[in-house]
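# A structural walkthrough
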Amino acid sequence: MTSQLPRMITVRQKYPPSKPVDIALTIKNELARLAPKLKPGMRIAVGTGSRGISNILPVVQSAVEFLKAAGTKPFLIPAMGSHGGATPEGQIEVLASYGITEAIAPIEPSMETVTLGRTPDGLDVIFSAKAKNADGILVINRIKPHTDFASDSLGSGLQKMLVVGLGKHAGAANYHRGAIHHGFERVLRAMVPVVLKSAPILGGLGIVEDQLHQTVRIGFAPADEMEKREAELFAQAKALMPSLPFDQIDLLIIDRIGKNISGSGMDPNIIGREIFGYSSSFEEQRKLKPSIRRIFVRALTPETHGNAIGIGMADFTTSRLAHAMDPKKTFINALTSLSVNAPKMPIYFDTDREAIGQALNSLAMADILQAKVVRIANTLSLDRLQISESYGKPAHLDVLDAPADMHFDQTGNLL
């Protein structure tokens, strides 16, 4: 039977190989600068919990082992704002999904906060009470461009974790309220000095990953050098960020979205759509890079625990995704970040076949078999993907197979 949908080709993007990193040795060498500040018996809060980091478990383990070897008493604090449903139990569950449990160190999941001070704009800086009462704080996070603002030197990383992650639910909500009025980067840069002045911050371990999610660098940023050191790590992370191989896409099929993929479910930096809303006008879409006319999201990742934030950036989805969404977790996240468009449910169908067909029909093309279609696993995994036959055989991609019909199972869902 001849398919009435575009035929697809499996391709691979060409990325230069990265040198492997010895995680334990690197962390031992990097934290050597911290050793003179550590005294036996000190209670050190280790803030962690960001999603989608390939080697987060060995990084946390190695950092805790270093602190224990120095005679200190490290404990873990979920530094993830309102994630996990904004409850201690939910945040412990999120950490456990990364393999981070009390087998590594005690976990203090309290959502209690204190106010450290105010910014020049009059915004309160809210911070974890458990972390504030520690003798020292070390944060661990991946450095990467932020999903809500563009910057040449600051994104999602150590400073954001100090303000948003360790701000817990109250602090994360307060930050986003201020950011709506004054701008995300401005508020973040204003709040960080208050945290550094009023909380016992020792520094942070920044992780840089390449296009294949391999750890390529782990750097320690002391508290008094955090802004400078994070900017250096950010420049490398930004240069290594993957992208879609084309600027013009009629239909982007995304197999899964989730919090372990991006704070926005799917990364706005990749899809060219804003978490706070976008225009479906073809004229407006053409101005964007990439210009994606339709997005179809098939499912949620198991690791997102039902949090479907970001689905509002899609045009089509499936009934199985709609049923898998946990409204409470999704809505708390959306209300905390004030991204009220992010959880809105797009048009959905029972099968992938119907959703793809309707998405292509909505493009009003003379021949949908000529549509430019791209299929990816998620917005983190862009090395291996499928493209429609209409793209030809681009020289910048390795072609892995011949054009073939889209493969569906007996229920009408893509294999």
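My aim in this report is to walk through the structure given alongside it, one point at a time.

What counts and what doesn't
Residues numbered from 1 in each chain as written. Predicted model: local features only at pLDDT ≥ 70, side-chain atom pairs only at ≥ 80, totals over all residues. Heavy atoms only, no water. 1 Å grid on protein atoms, 1.4 Å probe; cavity = no way out; pocket = protein on both sides within 12 Å on 5 of 7 lines; lining within 4 Å. Points joined across faces, edges and corners; volume = space filled by probe spheres on them. Helix = DSSP H or I, 4+ residues; strand = E, 2+ residues; numbered from the N terminus. Nonpolar A, V, L, I, M, F, W, Y, C, P; charged D, E, K, R; others polar. Buried < 20%, exposed > 50% of the residue type's maximum accessible area, 1.4 Å probe, protein only. Pairing = 2+ DSSP bridges. Axes fitted to C-alpha atoms, helices over the stretch in contact; angles between N-to-C directions. Contact = heavy atoms within 4.5 Å. Parallel < 35°, antiparallel > 145°, perpendicular 65-115°, else oblique. Phe/Tyr/Trp six-rings, centres within 6.5 Å; stacked < 30°, edge-to-face > 60°.

## Some remarks on empty space enclosed by the protein
Taken as a whole and assessed by the stated rule, the structure comprises 4 cavities of 30 Å³ or more. Estimates place the volume of the largest cavity at around 420 Å³. What lines the largest cavity is a set of 36 residues, among which Arg51, His83, Lys160, Lys259 and Gly263 lie closest to the centre. The set of elements that each furnish at least two residues to the lining of the largest cavity consists of strand E6 (136–142), helix H5 (158–165), helix H6 (168–182) and helix H12 (327–337). With 4 residues, the top contributor of residues to the lining of the largest cavity is H5. Residues that form the lining of the largest cavity fall into these classes: 10 nonpolar, 20 polar and 6 charged. Of the pockets and cavities examined, the second largest cavity occupies roughly 210 Å³. For the second largest cavity, the lining is made up of 17 residues, of which Arg142, Lys144, Met241, Pro242 and Leu380 are closest to its centre. Classifying every residue of the lining of the second largest cavity gives 10 nonpolar, 2 polar and 5 charged.

## Some words on the side chain of Gln159
Considering the arrangement of structural elements, one finds Gln159 in helix H5. What makes Gln159 buried here is its relative accessible area of 4%.

## Considering the sheet that holds E6
Strand order in the open sheet formed by 5 strands is E3-E2-E6-E7-E8, and the pairing between neighbours is mixed. Only two strands of the sheet have a single partner each, and these edge strands are strand E3 (73–78) and strand E8 (215–222). The mean inter-strand angle of the sheet, taken between neighbouring strand axes irrespective of direction, is 20°. Bridge analysis of E6 against strand E7 (residues 201–209) gives 6 bridges, and the strand direction is parallel. Opposite Ile137, over in E7, you have Ile201 as the bridge partner. Relative to E8, helix H8 (residues 226–239) is tilted by about 165°, and along the sheet it contacts E7 and E8.

## Notes on the packing of H5 against H6
Geometrically, a packed helix pair is captured by the angle between its two axes and the distance between the axes. Relative to each other, H5 and H6 sit at 110°, their axes nearing to 8 Å. Comparing their axes, H6 and H5 come out roughly perpendicular. Packed against H5, whose contacting residues are Val163, Val164 and Gly165, the element H6 presents Lys168, Ala172, Tyr175 and His176 at the interface. Here the residues of the contact of H5 with H6 sort into 4 nonpolar, 2 polar and 1 charged.

## What to know about the packing of aromatic side chains
Counting across every chain of the model gives 3 aromatic pairs. On the basis of an interplanar angle of 10° and a centroid distance of 3.8 Å, the ring pair of Phe246 and Tyr391 is categorised as stacked. With Phe246 in the loop between H8 and strand E9 (248–257) and Tyr391 in the loop between strand E14 (384–388) and strand E15 (397–399), this pair connects stretches of sequence that are 145 residues apart. Taken as a pair, Phe246 and Tyr391 share a single burial class, namely buried.

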